[in-house]
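Structure at a glance
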Amino acid sequence: MKGNEAIAEAAIRANCRHFFGYPITPQTEISAYMAKRMPKIGGTFLQAESEVAAINMVYGAAGAGVRAMTSSSSPGISLKAEGLSYIAGADLPCVVVNIVRAGPGLGGIQPAQSDYFQAVKGGGHGDYKMIVLAPSSIQETVDSTFDAFDLADKYRMPVMILGDGMLGQMMEPISFPDSADRPTYDKDWATTGTKNKRRANVINSLYIQPEELEQVIWAREEKYREIEKTEVKYESEGLGDADVVVVAYGTTARVVKAAVKAAADEGIKVGLIRPVTLWPFPSEIIAKTAKNVKAMLSVEMSTGQMVEDIRLAANGACPVAFYGRTGGVIPTPDGILEQIRRMVI
Amino acid sequence: MVTIMLHEILFAGFGGQGILFSGKVAAYAGLVDNLEVSWLPSYGPEMRGGTANCHVIISDKPVGSPVITTPTNLVAMNLPSFDKFEKTVAPGGIIIIDSSLIHKTSDRSDISFYSIPATQMANDMDIPRLANMIILGKLIKVTGMATLDTIRKAVEKSVPPTKTELIDTNMKAIEAGYHYL
């Protein structure tokens with residue numbers, strides 16, 4: 001199954017019955033799959049008139065307490081940014097997929113990771129966060145989709161699955177986890193009708209009184225601190241005696257693994273940290289690792305975005321170098337190996 | 001089970017030749033044999049008329065990078081693809097070309113070179129759109145990466161359920177390539 005189709009099928013199996021989208025390469029297969037499947041299972045598929053409309057439909061559906069999702073690629077996610085800020089401001093759960101292509105502007109349609117800042121630092125306005133999951137295989141994409149809906153419901157906030165064109169388009173064998181043993185979430189805040197039994201629920205992101213708004217924002221921050229403590233996910237290898245540790249996420253991490261293996265075959269002591277959650281960022285393990293290695297290297301399909309978070313986490317304990325390709329060019333194992341070699345000279 | 005456990009196959013040609021489909025069948029053949037596989041297509045402007053290619057990895061270990069930089073096998077179905085990728089093939093690797101469309105041979109001595117007039121054969125057999133399957137037949141023969149039985153199961157998985165009549169047609173093409181000397 002293609003990555004895009006796997007995301008769509010996983011979402012349906014995670015009981016998402018409301019999808020609102022607008023086509024854009026390289027994620028259109030998600031919409032196409034939803035269009036085919038949703039009507040057959042009593043769900044709603046709607047191709048909106050624009051990305052802005054689609055995210056606001058998600059806002060409405062999420063307010064009614066159902067599992068709702070939209071997907072797009074970079075330029076389309078920029079259009080959704082306003083809606084994401086509103087959804088975060090109204091404390092609503094939803095899942096947004098960004099199958100990243102090269103930017104800025106219309107950019108190109110080939111894979112990139114140049115939306116890292118947009119995903120983890122906001123994108124929309126205001127003090128808010130999204131949980132950002134960055135799978136690196138199709139199986140992990142499936143698992144991340146299940147996790148995304150659970151995390152969104154658990155914390156009442158938007159969760160983004162950040163892939164790239166390569167992940168969306170490639171096929172790998174997968175199996176779907178059982179959805180029966182996943183937790184369920186009571187949504188007593190949803191606007192589903194009072195039936196004259198309770199006060200009306202209100203979904204809102206507007207607080208005219210500064211003190212009141214500040215309180216709401218700090219309460220949300222507390223939730224974010226809790227998530228930073230409990231929801232960090234990463235994969236690591238070879239950290240024990242490494243001189244150099246490479247940090248990479250998503251499909252880039254797979255290319256990096258090939259380079260790390262080649263470097264190890266040359267006798268270089270090299271390890272790898274692959275953040276699975278980009279927010280919350282695995283700062284703790286990076287801070288710890290930075291104290292024990294000679295240097296770290298961030299490899300990204302961008303001009304250098306995640307590298308800033310690595311430097312913040314390392315806090316000067318070791319130099320953090322950067323190697324990247326951008327504009328839709330995929331780094332090669334040889335290119336990365338060359339960088340690793342340079343770092344141990 | 002095949003003996004060599006890592007095939008990094010690059011299928012390349014024009015958009016419309018069925019490059020992605022023959023790659024898909026090869027990947028499914030690996031799946032049928034319980035191997036690890038990945039299939040990565042080009043989806044850019046080349047898909048809309050220019051050169052198309054797809055990267056298929058079949059391995060007995062989890063697939064690392066799905067991007068192939070030094071293929072063990074190159075299947076070239078047009079001249080631009082052959083010119084572009086000939087030099088990238090790993091030493092000891094295999095190149096198969098459609099000699100109906102590429103009037104050239106490789107001057108590399110460290111690879112095995114095979115040519116098959118797949119497009120001409122497809123036209124002669126009145127299955128003009130299945131040159132991709134004929135050349136796939138040749139590929140599985142020279143690499144030993146799959147048996148005809150395995151590839152039949154792979155074709156069954158790759159053909160849409162509404163078009164099962166295509167299974168035999170595809171197999172006819174694959175067998176023609178497989179038995180071509």
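These lines cover the structure that appears in this document, whether it is placed above or below. (Residues numbered from 1 in each chain as written. Chains lettered and ligands numbered in written order. Predicted model: local features only at pLDDT ≥ 70, side-chain atom pairs only at ≥ 80, totals over all residues.)

Turning our eyes to something else, we now look at the overall build of chain A. Along chain A, the regular secondary structure elements total twelve helices and twelve strands. Expected size for 345 residues packed as a compact globule is a radius of gyration near 20 Å; at 20 Å, chain A falls within 12% of this value. Expressed as a percentage of the 345 residues in chain A, the buried residues total 51%. When contacts within chain A are restricted to residue pairs at least 6 apart in sequence, those whose partners lie at least 24 apart make up 79%. (Helix = DSSP H or I, 4+ residues; strand = E, 2+ residues; numbered from the N terminus. Rg over C-alpha atoms; globule rule 2.2 N^0.38 Å. Buried ≥ 20, exposed ≤ 12 C-beta atoms within 10 Å, placed from the backbone. Contact = placed C-beta atoms within 7 Å.)

Residues and elements named next belong to chain A. Summarising burial for strand 11 (residues 295-300): five of the six residues are buried, a large majority. Direction of pairing for strand 8 (residues 244-247) relative to strand 11: parallel, over a ladder of four bridges. Bridge pairing in strand 11 places valine 244 opposite alanine 295. Taken together, strand 11, helix 11 (residues 306-314) and strand 12 (residues 320-324) constitute a β-α-β crossover, and its handedness is right-handed. (Pairing = 2+ DSSP bridges. Right-handed = clockwise from strand over helix to strand, strands pointing away.)

Right, let's get into the packing of helix 1 (residues 19-32) of chain B against helix 4 (residues 131-143) of chain B. Residues and elements named next belong to chain B. Helix 4 packs onto helix 1 with a crossing angle of 35° between their chain directions and a minimal axis gap of 9 Å. In this structure, helix 1 meets helix 4 at a crossing whose hand is right-handed. Together, Ile19, Phe21, Ser22, Val25 and Ala26 of helix 1 and Asn132, Met133 and Leu136 of helix 4 make up the contact between the two elements. (Axes fitted to C-alpha atoms, helices over the stretch in contact; angles between N-to-C directions. Left-handed = near helix turned anticlockwise from the far one by under 90°.)

The subject of this paragraph is the interface of chain A and chain B. On the chain B side, the residues contacting the 18 residues of chain A number 14 residues. Going through the elements one at a time, helix 7 (165-169), helix 9 (250-265) and helix 12 (333-344) of chain A are the ones with two or more residues in the side of chain A that touches chain B. The element that contributes the greatest number of residues to the side of chain A that touches chain B is helix 9 of chain A, accounting for four residues. Of the residues that constitute the side of chain A that touches chain B, the class distribution is ten nonpolar, four polar and four charged. (Nonpolar A, V, L, I, M, F, W, Y, C, P; charged D, E, K, R; others polar.)

What follows is about the sheet that holds strand 5 (residues 94-98) of chain B. Within a sheet, each strand pairs with its neighbour through backbone hydrogen bonds, oriented either parallel or antiparallel. All names here are of chain B. Ordered in space as 2-3-1-4-5-6, the six strands form an open sheet in which the pairing is mixed. Edge positions in the sheet fall to strand 2 (36-41) and strand 6 (112-116), since each has one partner strand and no second. Each strand of the sheet is rotated relative to its neighbour by a mean of 15°, with strand direction disregarded. Taken together, the four bridges between strand 1 (residues 6-14) and strand 4 (residues 73-76) define a ladder with parallel strand orientation. Its bridge partner lying in strand 4, alanine 12 is registered against alanine 76. On the sheet, helix 1 packs against strand 1, strand 2 and strand 3 (51-59) and is oriented at approximately 5° with respect to strand 3.

This part is about the nonpolar core. Counting residues in hydrophobic clusters, the biggest one holds 157 residues, and the most contacted among them are A:Val58, A:Val132, A:Val246 and B:Ile134. Element by element, the count of residues in this core is highest for helix 1 of chain B, at eight residues. In this structure A:Val58 touches A:Phe20, A:Ala68, A:Met69, A:Thr70 and A:Cys94, once residues within four positions along its chain are discounted. (Core = buried A, V, L, I, M, F, W, Y, C linked by C-beta atoms within 7 Å.)

Residues and elements named next belong to chain A. The alternating pattern of strand 1 (residues 18-21) places His18 and Phe20 on one face and Phe19 and Gly21 on the opposite face, and all of these are buried. Looking at chain direction, strand 1 and strand 2 (residues 44-47) are connected through four bridges and run parallel. Of the residues in strand 2, the one forming a bridge with glycine 21 is glutamine 47. Tracing the backbone out of strand 1, into helix 2 (residues 28-37) and back to the parallel element strand 2 gives a crossover that is right-handed. In the sheet, strand 1 pairs with strand 3 (residues 68-72) via two bridges, with the strands oriented parallel.

Turning our attention to the sheet that holds strand 3 of chain A. All names here are of chain A. Taken together, seven strands build an open sheet; the order of strands is 2-1-3-4-6-5-10 and the sheet is mixed. Among the strands making up the open sheet, the edge pair consists of strand 2 and strand 10 (277-279). Along the sheet, successive strands turn relative to each other by an average axial angle of 20°, direction set aside. Bridge analysis of strand 3 against strand 4 (residues 94-100) gives four bridges, and the strand direction is parallel. Across the sheet, serine 71 pairs through a bridge with valine 97, a residue of strand 4.

Before going further, it helps to examine the packing of helix 5 (residues 148-158) of chain B against helix 6 (residues 166-179) of chain B. All names here are of chain B. Remark: helix 5 packs on helix 6, axes separated minimally by 10 Å, with the N-to-C direction vectors making an angle of 145°. For helix 5 against helix 6, the interelement crossing comes out right-handed. Residues Leu148, Ile151, Arg152, Val155 and Glu156 of helix 5 form the contact with helix 6, whose own contacting residues are Ile167, Asn170, Met171, Ile174, Glu175 and Tyr178. Of the residues contributing to the contact of helix 5 with helix 6, the split by class is seven nonpolar, one polar and three charged.

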